[in-house]
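Chain by chain, the residues run as shown.
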Amino acid sequence: MTSFTSEEYAFAGTGQMEAGWQTVRLINRGRDVHQMQFLGLPPGKTVEDVNQALARRPGYLPQWLKRFGGVNSVASGNEASVVIYLDPGEYVLLCGIPDATGRPHAAHGMVRPLHVSELGSRVSAAPESDRTVRLRDFSFSWEEPVQVGDLIVQVSNEGTQAHELIVIRLAEGASTQDFLTSYRPGSAQNPAGAEIGGMTGIDPGRKTYVHIDMQPGRYGLICFLADPVTRTPHFAYGMWMDLKVQLRPGLPDGP
Ligand SMILES: [Cu+2]
């Protein structure tokens, strides 16, 4: 497991990892919600090119970046982890969550280079997953009933554009639509719920894994990524979902 920490506005952690399946944890020591995206740089592109693109169009990541996933939406004082497959090459680690003015934290310095070396001698395997959530243009599919417990959920992108998964633990009586309605960039508090992690953007065809601690209650799944042509966020096309998690009736309470 490789751990990173986030605060306003920087990541701390290693600058070098090995290729293959890697468990990545983000510990958020900041006040704001943060994420850590693993973005592959194509040959000839540098971190400076990413910074320049963000300076020109703050809200949009360049389409030439390869999206490998990463830890999404960790609230202040919390941590979350994912398992993602890294190819050898050069990467940027970046937080694309907007501040109150709509500028991504990346524009304040949450951009960091990472070198991924060739596969090491230790062969890494994909984890066994308890559940699969499929990302499509533009919906989530997650079979119900949802199990209770610390789950390893496979997140696979079966769409034609990049998608992300943000998991919200909803407040009593609130829905995912309530969360979206009361969502304000840069605000750490949303009366309708709190972010508990998820997977940052992954390219079509990519499979990743996220740890989610599912307790009885209600959850929301949201994709905030924008369509590259229309600039409309995917949730506005229907890419959100309400999930209910309950203990299975008829089973005795555990020890
Ligand atoms: Cu999406």
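For every chain, the first residue of its written sequence is number 1, and the numbers climb from 1 along that sequence. In keeping with the predicted nature of the model, local features appear solely for residues at pLDDT of at least 70, side-chain atom pairs appear and are counted solely at 80 or more, and the whole-chain, interface and lining totals rest on all residues.

### Looking at the sheet that holds strand β10 (residues 131-136)
- The rule for pairing is simple: two strands pair if DSSP sees at least two bridges between them. Elements are defined by DSSP. Helices are runs of H or I of four residues or more, strands are runs of E of two residues or more, and each kind is numbered from the N terminus. Spatially, 8 strands are ordered β2-β1-β4-β7-β15-β12-β10-β11 in an open sheet, and the strand pairing comes out mixed. In this open sheet, the two strands that pair with only one neighbour each are β2 (10-12) and β11 (139-142). Between one strand axis and the next, the sheet turns by 25° as a mean value, whatever way the strands run.
- Here strand β12 (residues 149-157) runs beside strand β15 (residues 207-214); their pairing, made up of 8 bridges, is antiparallel. Bridge pairing in β15 places glycine 149 opposite methionine 214. A fitted line through C-alpha atoms serves as each axis, taken over the contacting stretch for helices, and the angle formed by two N-to-C directions is quoted from 0 to 180°.

### Examining the sheet that holds strand β17 (residues 240-245)
- In spatial order, the strands read β3-β9-β8-β5-β6-β14-β13-β16-β17; together these 9 strands make up an open sheet with mixed pairing. Strands with a single pairing partner mark the edges of an open sheet, and in this sheet they are β3 (16-18) and β17. Strand after strand, the sheet turns through a mean of 20° between neighbouring axes, direction not considered.
- Each of β8 (89-94) and β9 (111-117) touches helix α1 (residues 47-56); the most contacted strand, β9, lies at about 145° to it. Residues are scored as being in contact if the C-beta atoms we place from backbone atoms lie within 7 Å.

### Looking at the pairing of strand β1 (residues 2-7)
- Bridging between β1 and strand β4 (residues 20-28) involves 5 bridges; their strand directions are parallel. Bridge pairing in β4 places threonine 2 opposite valine 24.
- Here β1 runs beside β2; their pairing, made up of 3 bridges, is antiparallel. Within β2, the position partnered with serine 6 by the bridge is phenylalanine 11.
- A loop of 2 residues connects β1 with β2, the two strands running antiparallel in sequence.

### A look at unusual backbone geometry
- Of note, the bond from glutamate 8 into tyrosine 9 is cis; its omega dihedral lies within 30 degrees of zero at -15°.
- Each neighbour pair has its own omega, and for aspartate 137 with phenylalanine 138 the value is 5°, a cis peptide bond.
- You will see that arginine 231, though not glycine, has its phi angle at about 65°, which is positive.
- Mapped onto the elements, arginine 231 comes out in the loop between β16 (217-222) and β17.
- Note on burial: count the other C-beta atoms lying within 10 Å of the residue's C-beta; 20 or more is buried, 12 or fewer is exposed, in between is partly exposed, and C-beta positions come from the backbone. Exposure remark for arginine 231: the 9 C-beta atoms within 10 Å place this residue in the exposed category.

### Considering the nonpolar core
- Within the largest apolar cluster, 67 residues are counted, with the highest numbers of intra-cluster contacts made by Val155 and Leu165.
- Start and end positions for the domains come from either an automated domain assignment or a database one. Looking at this core, you find at least three residues from each of domain 1 (2-117) and domain 2 (131-245).
- Other than its neighbours up to four places away in sequence, valine 155 contacts Val133, Leu135, Leu165, Met199, Ile202, Thr208, Tyr209 and Val210. Put simply, a nonpolar core is a cluster of buried Ala, Val, Leu, Ile, Met, Phe, Trp, Tyr and Cys residues tied together by C-beta atoms within 7 Å.

### Some thoughts on the domain arrangement of the protein
- When cut into domains, the protein gives domain 1 (2-117) and domain 2 (131-245).
- Using only C-alpha atoms to locate each centre, domain 1 and domain 2 end up separated by 19 Å.
- With 26 residues of domain 1 in contact, the opposing surface of domain 2 contributes 22 residues.
- Put simply, the parts of the chain that give the side of domain 1 that touches domain 2 at least two residues each are β5 (34-40), β6 (66-74) and β7 (79-86).
- Broken down by element, the side of domain 1 that touches domain 2 gets its largest block of residues, 9 residues, from β6.
- Think of it as three bins: nonpolar holds Ala, Val, Leu, Ile, Met, Phe, Trp, Tyr, Cys and Pro, charged holds Asp, Glu, Lys and Arg, and polar takes everything else, Gly as well. The residue makeup of the side of domain 1 that touches domain 2, split by class, is 11 nonpolar, 10 polar and 5 charged.

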